[in-house]
Amino acid sequence: MNNEVMNSIYSQVSIKDGKKVIENILLDIYFKPGISTKDIARKTLLPLPIVAAIKKEFIKAGVIEQNRGVNCTPRGIRLVEHTMGYGQLDRSLYQRLKYEQWQPDELDSMLTKLEGVFEGRPQVDVTIDQSRCTLETSMKRAILALRHEALIGRDIVCLGDDDLVSVSLGFLLKQLFQQDAHKSNTRIHLFEIDKRIISYVNYLAEVEDLPIVCYEMDFREQLPADFLRRFDCVFTDPPYTQQGMSLFVSRGVQLLKQEIGLPIFLSFAHKSPDFALAMQREFSRMGLLVTSVLPRFNEYIGAEIIGNTSQMIVLQSTEETKESIARDYRDALYTGEVRRTIRSYECKRCNHVTEVGFQMQWQTIEQLKKEGCPSCRHDTFELIQKKNA
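If you look the chain up in an unreviewed UniProt entry, it shows as Bis-aminopropyl spermidine synthase family protein from Paenibacillus profundus.

Below is the structure:
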């Protein structure tokens, strides 16, 4: 959201927490008329003098007034409702989703419709580390954006989306805005290497009238300059390798606006302490703040290798945020490239042995099962040997 009032106040008040905090203060006043300065400070974790200074600038701009607490003026209401996109919002549902423990039955009719949408997803391509999360997980991610004020009136980008988070974001906006997601002033962008997913999401965006635009993109290539520093929020569930995490988060940093306090929602497997420490070092190197880690936040279908779950790591931009990978990336990225193993599978019908692995005819057991044994076309195998490539 680009707003002259917010920019002016941010330039007048010396605050290291970013412009987004000023926007959040105005939203608190809008949704809780009569809120006290002390309550605003408690909620934002800002010192009282800073909150008082921001409030003073809002009053000078004619956006709020002090009258039995702090309230929005008609101009302030127009600013929130028209410029920020909250005008035709279902306020009751928004407040429940933001402040209360979310229950699936809260959105029962929408989730019922989405069940068929999620069942129709393209099959996973394990060569690029796809692993589909559940419908409930995808919706939890969308609600997480709402709770971080990163949903309404924002430019959101999903880096890869076999989990259909872009679609869940769109459907949640429809639920909040009387079935017209475009009233939210939100724009959702999907960058994806898999043409099947692009085609599917484009189809859904058209038939459901969702504010989603898709682009085919390989993150190993430099990002187009037109997209850099444009977005308010990033979602990504990258390959579960150190290289994959670094590349996808780095691309996310390149796409974020150069502002303090913008979120990157990173879904990633639970890892060993040594691996987690290396991740923290990489976040620090990119000038990103870890604001929360939610264990077992994500659940997946058929992802036994990671225990069917992964964590949600919420990162936040700072003054020092800068990508660690700016140009083309040519090293190993996906699990099959980083951990080059060859597995020997024996056909349970004819005992023919077939090798599966990186840069071989069959890179995964799923591909071998789909095509069948090269000798008898049977599709049941037993793993008999595993070795490094």
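Alright, that's what it looks like, and here's the rest.
Draft legend 1. Molecular detail of the overall build of the chain. Scanning the chain from N- to C-terminus turns up 14 helices and twelve strands. Computed over its C-alpha atoms, the radius of gyration of the chain comes to 23 Å, within 12% of the 21 Å expected for a compact globule of 389 residues. Principal axes of the C-alpha set define a box for the chain whose edges measure 85 × 45 × 35 Å. Sequence-distant contacts in the chain: of pairs separated by 6 or more residues, those separated by 24 or more amount to 71%. Summed over all atoms, the accessible surface of the chain reaches about 18300 Å², with 46% contributed by carbon and sulfur. The distance from the centre of the 50 positive side-chain charges to the centre of the 52 negative ones in the chain is 4 Å.

Draft legend 2. Molecular detail of the packing of helix H2 (residues 19–31) against helix H6 (residues 91–99). Across the interface, H2 lies against H6 with an axial gap of 13 Å and an inter-helix angle of 125 degrees. The angle between the axes of H2 and H6 places the two elements in the oblique class. Crossing handedness for the pair H2 and H6: left-handed. Facing Asp28, Tyr30 and Phe31 of H2, the residues of H6 in contact are Arg91, Tyr94, Gln95 and Tyr99. Tallied by class, residues from the contact of H2 with H6 come to four nonpolar, one polar and two charged.

Draft legend 3. Just a negative patch on the surface, in detail. A surface patch of negative charge is lined by Asp105, Asp108, Glu115, Glu119, Glu136 and Glu299. Examining the composition of the negative patch, we find that three residues originate from one element, helix H7 (residues 108–119), more than from any other. Topologically, Asp108 is positioned in helix H7.

Draft legend 4. How the structure looks around unusual backbone geometry. Positive phi, normally seen in glycine, also occurs at Arg68, with a value near 55 degrees. Along the polypeptide, Arg68 turns up in the loop between strand E1 (64–66) and strand E2 (70–72). Of note in this structure, Asp209 is not a glycine but carries a positive phi near 55 degrees. Inspection of the secondary structure assignment puts Asp209 in the loop between helix H10 (195–208) and strand E5 (212–216). Relative accessible area serves as the criterion here: at 44%, Asp209 is assigned to the partly exposed category.

Draft legend 5. Focus on the packing of aromatic side chains. By the definition in use, this model includes twelve aromatic pairs. Ring geometry for Phe191 and Phe231: centres 6.1 Å apart, planes at 90 degrees, overall edge-to-face. With a gap of 40 residues between them, Phe191 in strand E4 (residues 187–192) and Phe231 in the loop between E5 and strand E6 (233–236) connect regions that are remote in the sequence. This pair shows no difference in class: Phe191 is buried, exactly as Phe231 is. The structure contains a cluster of three or more aromatic residues connected by ring pairs, namely Tyr30, Phe31, Tyr86 and Tyr94. The residue whose ring lies beneath Lys32 is Tyr99, and the NZ or CZ to ring-centre distance is 4.9 Å. Of note, Lys174 hangs over the ring of Phe171, and the distance from its end group to the ring centre comes to 5.5 Å.

Draft legend 6. Geometry of the sheet that holds strand E8 (residues 288–299). Taken in spatial order, the seven strands of this open sheet run E5-E4-E3-E6-E7-E9-E8, and their pairing is mixed. The strands lining the two open edges of the sheet, one partner per strand, are E5 and E8. Strand-to-strand twist in this sheet, taken as the mean axis angle between neighbours without regard to direction, amounts to 20 degrees. Pairing geometry for E6 and strand E7 (residues 263–268), over three bridges, is parallel. Each bridged residue has a counterpart across the sheet, and for Val234 the counterpart in E7 is Ile264. Along the sheet face, helix H9 (residues 165–176) touches strand E3 (155–159), E4, E5 and E6 and points at about 170 degrees away from the line of E4.

Conventions adopted
- Residues numbered from 1 in each chain as written.
- Predicted model: local features only at pLDDT ≥ 70, side-chain atom pairs only at ≥ 80, totals over all residues.
- Heavy atoms only, no water.
- Helix = DSSP H or I, 4+ residues; strand = E, 2+ residues; numbered from the N terminus.
- Rg over C-alpha atoms; globule rule 2.2 N^0.38 Å.
- Contact = heavy atoms within 4.5 Å.
- Areas by Shrake-Rupley, 256 points an atom, 1.4 Å probe, with all protein chains shown as cover.
- Lys, Arg positive; Asp, Glu negative; His and termini not counted.
- Charge placed at Lys NZ, Arg CZ, Asp CG, Glu CD.
- Axes fitted to C-alpha atoms, helices over the stretch in contact; angles between N-to-C directions.
- Parallel < 35°, antiparallel > 145°, perpendicular 65-115°, else oblique.
- Left-handed = near helix turned anticlockwise from the far one by under 90°.
- Nonpolar A, V, L, I, M, F, W, Y, C, P; charged D, E, K, R; others polar.
- Patch = residues over 30% accessible without salt bridge, like charges linked within 9 Å, V, L, I, M, F, W, Y side chains within 5 Å.
- Salt bridge = Lys/Arg side-chain N within 4 Å of Asp/Glu carboxyl O.
- Buried < 20%, exposed > 50% of the residue type's maximum accessible area, 1.4 Å probe, protein only.
- Phe/Tyr/Trp six-rings, centres within 6.5 Å; stacked < 30°, edge-to-face > 60°.
- Lys NZ or Arg CZ within 6 Å of the ring centre and 35° of its normal.
- Pairing = 2+ DSSP bridges.

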